[in-house]
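# A look at the structure
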Amino acid sequence: MALFGNEFTLIMMLSGSWVSITKIESMLPSLGVELELMTVMKRTSKHTPQNYLSRLEVCFTGKDQRGTIKRITQFLADRSLDLAAVRSYSEELPDGEQTQNVSLTINIPEKVELEKLEQSIYQLAQDMTLNCIIRRMEGTAILEDRG
């Protein structure tokens, strides 16, 4: 769930039998019309879990400025990193200055050198004149049965 301006958005991922999914697909459009809601449906393919060496929790803070999220997401895309979660908000300080806070959770694949990545993130923050805190988290490696 999220608020975008004055709009409330809800994203649902459903799983179930073919009959159950087909039933909700046929009922949702008429329910949306009845409740004056816009609905969009899309079938997805089966999720393939990936192994991640670790996760980083990265928090950027500083003066609110245009383009911060774009620069951060481009930085991640250029390195083919998986953004697991993002939260961004701005607030006004008592002196009237607008600050921004961006928190990210990034899944780190095995091939990435963690120390180099962290240094690159700190450099990105410095280039944008933001403070940055990085916290390492446990990875999401899939356990293999080696029988």
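Parameters at a glance
Residues numbered from 1 in each chain as written. Predicted model: local features only at pLDDT ≥ 70, side-chain atom pairs only at ≥ 80, totals over all residues. Heavy atoms only, no water. Buried < 20%, exposed > 50% of the residue type's maximum accessible area, 1.4 Å probe, protein only. Helix = DSSP H or I, 4+ residues; strand = E, 2+ residues; numbered from the N terminus. Pairing = 2+ DSSP bridges. Expected span 1.5 Å × (residues − 1). Bend = angle between axes of the 7 residues up to and from the residue. 1 Å grid on protein atoms, 1.4 Å probe; cavity = no way out; pocket = protein on both sides within 12 Å on 5 of 7 lines; lining within 4 Å. Points joined across faces, edges and corners; volume = space filled by probe spheres on them. Nonpolar A, V, L, I, M, F, W, Y, C, P; charged D, E, K, R; others polar.

## Looking at the pairing of strand 5 (residues 98-108)
Judged by how many residues are buried, strand 5 sits mostly within the fold: nine of 11 residues are covered. In this structure, strand 3 (residues 54-63) lies alongside strand 5, joined through 10 bridges in antiparallel fashion. Looking at the pairing, Gly62 lines up with Gln100 of strand 5. Hairpin geometry of strand 4 (residues 82-92) and strand 5 is characterised by an intervening segment of five residues between the two adjacent antiparallel strands and by a positive phi of about 95° at Gly96.

## Considering unusual backbone geometry
What is expected of a backbone is that most residues other than glycine have negative phi and most peptide bonds are trans. At Ser80, a residue that is not glycine, the phi angle is positive and equals roughly 55°. Tracing the backbone through its elements, the reader meets Ser80 in the loop between helix 2 (68-78) and strand 4. The phi dihedral of Thr129 falls on the positive side, at around 50°, and the residue is not glycine. Structurally, the position occupied by Thr129 is in the loop between helix 3 (114-127) and strand 6 (131-138).

## Here's the deal with helix 1 (residues 18-34)
Compared with the 24 Å implied by 1.5 Å per residue over 17 residues, the 25 Å span of helix 1 between its first and last C-alpha is a close match. The largest bend in helix 1 amounts to roughly 30° and is located at Leu28, with the proline Pro29 lying one to four residues further along. Positive phi shows up at Glu36, right after helix 1, with a value of about 55°.

## Quick word on empty space enclosed by the protein
Over the atoms, a rolled probe matching the size of one water molecule traces out where space is still vacant. Scanning the entire structure with this criterion turns up one cavity of 30 Å³ or more. Its boundaries defined by the atoms lining it, the largest cavity holds a volume of some 30 Å³. Listing elements by their share of the lining of the largest cavity, those giving two or more residues are strand 3, helix 2, strand 5 and helix 3. Take the lining of the largest cavity: its biggest share by element is three residues, from helix 2. In the lining of the largest cavity, the residues fall into nine nonpolar, no polar and no charged.

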